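# Structural characterization, general
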Amino acid sequence: MGKVICIGLGPGDPDLMSLRAHRLLTTAPVIAYFRKAGRLGQARRIVDGLIPAEAEEWPMEYPVTTEVPFSDPAYGAALAPFYDSWSRRLAEQARKTDVIVLCEGDPFLYGSFMHLHSRLPAGLVEVVPGIPGMAGCWTATGQPITWGDDVLTVVPATLPESELRRRAQDTDALVVMKIGRNLAKLHRALAAAGRLADAWLVENGTMPTERVRPLREVEGEIPYFAIALVHGRGRRP
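Residues numbered from 1 in each chain as written. Predicted model: local features only at pLDDT ≥ 70, side-chain atom pairs only at ≥ 80, totals over all residues. Heavy atoms only, no water.

The name an unreviewed UniProt entry gives the chain is Precorrin-2 C20-methyltransferase, with Haematobacter massiliensis as the organism. The record in UniProt for the chain states the following under Pathway (unreviewed entry): "Cofactor biosynthesis; adenosylcobalamin biosynthesis." Per UniProt, the chain has the following entry under Sequence similarities (unreviewed entry): "Belongs to the precorrin methyltransferase family." (UniProt positions renumbered as here; feature names shortened; annotations may be inferred.)

Spelled out as structure tokens, the structure:
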């Protein structure tokens, strides 16, 4: 009897993977990972060159990604059977041997694996935490994200504009994820909250293509792996 083991790969640089995740990866008989159809997938790209030659690879291709709005019932209708099917397949394989599932960042922080985790039997699944992508991004800015008693708020940019503005106003330090097509809305919300001038955008944090810019200077399309940050300015000795 094996297990379904999800390993957090960290923010992007494979050197930032935990020793435990690396050991499980490099001895894995079966490796599964999410990806968009026709793409290699970011998780698979991070571990390129580390997968054993004899390991089976199982790409789990999303039936839909950003083509359908999250609020559309068709989005959930397409993804629920996808997660149902893959949870059954992974569970069947785990009765024979371990299955390693790759996840960028930390699996329990906005990770797709949580949808499999909720469907798998509790005794059959294990999670190896990873450094969250946001930690790699705020390190890339060269500034601490929080000081003293600062309150840190993490929000997805998919929230309504009014809610983004309220959250930005009510916190000391801010991390905004899932920006994508919501960049213009995020600009407006932060400007209304008086926080846009202090916001940074980090694209592909810790990766070779890492880029750090003031958010107010960024327009148009941005990579999926982009995080906006507003640093706290709290108590200091």
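Here the narrative resumes.
## A closer look at the pattern of salt bridges
What the rule picks out here adds up to twelve salt bridges. Where Arg-167 meets Glu-163, a salt bridge forms, and the shortest distance between an N and an O atom there is 2.9 Å. Taken as a pair, Arg-167 and Glu-163 lie in helix H6 (residues 161-169) at a separation of four residues, close to a single helical turn. Relative accessible area serves as the criterion here: at 35%, Arg-167 is assigned to the partly exposed category. The salt bridge partner of Arg-233 is Asp-198, with a shortest N-O separation of 3.4 Å. In this pair, Arg-233 is assigned in the segment after strand S10 (226-230) and Asp-198 in the loop between helix H7 (183-192) and strand S8 (199-203), connecting sequence segments 35 residues apart. When salt bridges that share partners are traced, they join Glu-163, Arg-166, Arg-167 and Asp-170 into one network. (Salt bridge = Lys/Arg side-chain N within 4 Å of Asp/Glu carboxyl O. Helix = DSSP H or I, 4+ residues; strand = E, 2+ residues; numbered from the N terminus. Buried < 20%, exposed > 50% of the residue type's maximum accessible area, 1.4 Å probe, protein only.)

## Re the domain arrangement of the chain
Taken domain by domain, the chain comprises domain 1 (4-131) and domain 2 (134-230). Centre-to-centre separation of domain 1 and domain 2, based on C-alpha positions: 26 Å. If you look at the interface, domain 1 gives eleven residues, while domain 2 gives 14 residues. Both faces considered, domain 1 and domain 2 share a buried interface measuring about 940 Å² in area, 70% of it formed by carbon and sulfur atoms. Taken together, domain 1 and domain 2 are joined by zero salt bridges. On the surface where domain 1 and domain 2 come into contact, there are two residue pairs in polar contact (both at pLDDT 80 or more). By residue class, the composition of the side of domain 1 that touches domain 2 is six nonpolar, three polar and two charged. (Domains from an automatic or database assignment. Contact = heavy atoms within 4.5 Å. Buried area = accessible area lost by both parts, 1.4 Å probe. Polar contact = N/O pair within 3.5 Å; in protein donor to acceptor, adjacent residues only side chain to side chain. Nonpolar A, V, L, I, M, F, W, Y, C, P; charged D, E, K, R; others polar.)

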